[in-house]
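In case you want the letters, here they are:
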Amino acid sequence: MRPPLLAWEVTGGIDSAALFEAIAEAHDDVFWLDSGPDAAVGRSVLGWSADRYVSTEPNASDFAALRERLRRVPRAEDGSADVNESPRGSSLAAVGRDDTALHVPGLPLGWVGWLGYELRAVTTGERQRHALRHPPLALLWVDRAVVVDHESGRVWLVAIGHEWDAELAQWRAQTLEHIETSRSKARAGPPVPTRTSSRPLVRWRHSDAEYLDLIEQCRAAIRAGDAYLLCLTNEATVDGHFDAVARYLAVRRASPAHHGGFVRIGGVSLLSASPEQFLLVTPDGSVETHPIKGTRRRGATALEDERLHRELRDSEKERAENLMIVDLMRNDLQRVCRVGSVAVPRLLAIESYAQVHQLVSRVRGCLAEGLDVIDVVMACLPGGSMTGAPKLSATRIIDRLEDGPRGIYSGAFGYLGADGSADLAMVIRSIVIDGAGATVGAGGGITALSDAAAELEEVKLKAAPLLASLGAARH
């Protein structure tokens, strides 16, 4: 049953980017689950919170704490949105009980933030070997937010509660002030970018020669029968001080994605243009994952683009790679779903983005009785498309070869809803910024059929637009 939900519609529309800039200027810990600048469907959710849960080391008790907080949320008697009268002359309009704008699967209130790759120490029982630069788990407790419905163009202030009074009334007033500030910013137009005379340099954890050698070590492990697919990654570091919000706006313009996002918690910012929906859980217990494996760059002409599209579609290596991860994710979902409910309704489809074509499949199941979103996360994290298969053996091999933590990269970010829902994206095509600089992770799946030079080029292809948004020089 849903929590009691308050909802007010804001008239006049908003510019999501301008509103987020206003929120980020006024608050420390902020979030924007962003469907992108050109979204025609779905919704974006943005706001702030001073209530956060941060864990500096992977710990099983963290998942228990997250579950307990979700369970403490009060439930509405009828599960519907409350009706509220709008004050005369207000810029807000009341939401009726029969309004369907907010009656879509999933309530974007609850935990919002990231779950890093190194949580595998909890979910797989493997020892944590590497010191971490950033918290592997950082979440904000969000019981109020701004929701932008892209299909209808409507904007809502939503909150868990029974009445717009006391502290919720203050939050509503403050949010309206941010909206007015954002409208002034939008009318003024975008700021003139600051030009710098020098460009920061990129340092890769593994040089090109080292990465090529690691690919061969992956292939040797596959030939030895220790794995049949390994997702090998590299990390680029760029030193300096960056305006994380401005950099995210550059990323979303260059690489719009249906699961973009910005999360800043404790001075660490995650900027993501992720094309991969890792987990979708609805309140009625439907569970989905959309693994991506298989990549081709976009062509410079329509003819070249179509050729690369066909090349990806027909690639034996890329199709095999995707099928391996589909099989792995079927196994993960079967651990938490009803027997016989796991299916693959979409296999080896191609999705096209600004820089790449991707091979994407869809695996779906129905959550077993007595289990919840925390169980789903623990069964599936880290996502198979970022580990390889079989998962446990793959993580052991890549942990040894990569010789450093992945951190937030290749984990997941999004929300775990108070209504039992969840929407988590894979942390790929992402930048992590802190006070010392920025990091960008990139990788690809290695199989027995991999061409080492092509795999290296894929890593550079995926990282290039992110590094460009940082103004970094390639080397």
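Not measured: the values here are computed from a predicted model.

Student: Explain the overall build of the protein to me, and be specific about the residues and the numbers.
Tutor: Scanning the protein from terminus to terminus reveals 11 helices and 23 strands. Across the 475 residues in the protein, those meeting the buried criterion constitute 59%. As displayed, the protein offers around 19500 Å² of accessible surface, 49% of which is attributable to carbon and sulfur atoms.

Student: Now, about the pairing of strand β14 (residues 277-281): what can you tell me, with residues and values included?
Tutor: Here β14 lies mainly inside the structure; 4 of its 5 residues are buried. Where β14 and strand β21 (residues 422-426) come together, 4 bridges link them in antiparallel fashion. Across the sheet, the residue bridging to Leu279 is Leu424, located in β21. A loop of 4 residues connects β14 with strand β15 (residues 286-289), the two strands running antiparallel in sequence, and Gly285 in this loop sits at a positive phi of about 95 degrees.

Student: Any chance you could break down the nonpolar core for me, citing the residues and the numbers?
Tutor: Trp114 and Phe278 are the most contacted members of the largest nonpolar core, which totals 71 residues. If you look at the next biggest cluster of nonpolar residues, it comprises 64 residues, including Leu46, Val202, Tyr211 and Val459.

Student: Hey, could you go over the packing of aromatic side chains for me, with residue numbers and the actual values?
Tutor: Using the criterion set out here, one finds 9 aromatic pairs in the structure. Taking 5.9 Å as the distance between ring centres and 65 degrees as the angle between the ring planes, the aromatic pair formed by Trp8 and Trp164 counts as edge-to-face. Remark: Trp164 occurs in the loop between β9 (155-160) and α4 (166-188) and Trp8 occurs in strand β1 (residues 5-10); sequence separation between them is 156 residues. The exposure class assigned to Trp164 is buried, which follows from its relative accessible area of 10%. Seen from their ring centres, Phe20 and Trp32 are 5.1 Å apart, and the 35 degrees between their planes marks the pair as tilted. With Phe20 in helix α1 (residues 16-26) and Trp32 in strand β2 (residues 30-34), the pair connects residues that are 12 residues apart, well separated along the chain. For the residue pair Phe20 and Trp32, the accessibility class agrees, reading buried in each case.

Student: Break down unusual backbone geometry for me, with residues and values.
Tutor: A cis amide bond links Leu381 to the next residue, Pro382, at an omega of -5 degrees. Topologically, Pro382 is positioned in the loop between α9 (373-380) and β19 (388-389). Although it is not a glycine, Leu348 adopts a positive phi angle of roughly 60 degrees. By the element assignment, Leu348 lies in strand β17 (residues 343-352). Note on Leu348: relative accessible area 15%, which makes it buried. For Asp403, which is not glycine, the phi torsion reads 55 degrees and is therefore positive. Within the fold, Asp403 resides in the loop between α10 (391-402) and β20 (412-417).

Student: Now, about a nonpolar patch on the surface: what can you tell me, with residues and values included?
Tutor: Residues Leu323, Val344 and Leu347 make up a contiguous nonpolar surface patch of about 220 Å² in total accessible area. Topologically, Leu347 is positioned in strand β17.

Student: Explain helix α8 (residues 316-334) to me, and be specific about the residues and the numbers.
Tutor: Given a rise of 1.5 Å per residue, 19 residues ought to cover 27 Å, and the 27 Å separating the end C-alpha atoms of α8 matches this to within 8%. Burial in α8 covers these residues: Lys317, Glu318, Glu321, Asn322, Met324, Ile325, Val326, Leu328, Met329, Asp332 and Leu333.

Student: Describe in detail the side chain of Arg429, supporting the description with residues and values.
Tutor: One can find Arg429 in the loop between β21 and β22 (430-434). Despite its burial, Arg429 pairs with no opposite charge, the nearest such side chain being Glu458 at 6.2 Å. A polar contact is formed between the side chain of Arg429 and the side chain of Gln358, at a distance of 2.7 Å.

Student: Can you explain the environment of Pro108? Please cite residues and give values.
Tutor: Locating Pro108 in the fold gives a position in the loop between β5 (92-94) and β6 (110-115). In sequence terms Pro108 and Val45 are 63 residues apart; their C-alpha atoms lie 7.1 Å from each other. Contact partners of Pro108, with chain neighbours within four places excluded, come to Arg43, Val45, Val147 and Tyr415.

Student: Could you give an account of the environment of Leu461, naming the residues involved and the relevant values?
Tutor: One can find Leu461 in helix α11 (residues 452-469). Between the C-alpha atoms of Leu461 and Arg297, which are 164 residues apart in sequence, the distance is 7.4 Å. Filtering out sequence-adjacent residues up to four positions away, Leu461 remains in contact with Arg297, Gln355 and Val356.

Rules used in this analysis
- Residues numbered from 1 in each chain as written.
- Predicted model: local features only at pLDDT ≥ 70, side-chain atom pairs only at ≥ 80, totals over all residues.
- Heavy atoms only, no water.
- Helix = DSSP H or I, 4+ residues; strand = E, 2+ residues; numbered from the N terminus.
- Buried < 20%, exposed > 50% of the residue type's maximum accessible area, 1.4 Å probe, protein only.
- Areas by Shrake-Rupley, 256 points an atom, 1.4 Å probe, with all protein chains shown as cover.
- Pairing = 2+ DSSP bridges.
- Core = buried A, V, L, I, M, F, W, Y, C linked by side-chain atoms within 4.5 Å.
- Phe/Tyr/Trp six-rings, centres within 6.5 Å; stacked < 30°, edge-to-face > 60°.
- Patch = residues over 30% accessible without salt bridge, like charges linked within 9 Å, V, L, I, M, F, W, Y side chains within 5 Å.
- Salt bridge = Lys/Arg side-chain N within 4 Å of Asp/Glu carboxyl O.
- Expected span 1.5 Å × (residues − 1).
- Lys, Arg positive; Asp, Glu negative; His and termini not counted.
- Polar contact = N/O pair within 3.5 Å; in protein donor to acceptor, adjacent residues only side chain to side chain.
- Contact = heavy atoms within 4.5 Å.

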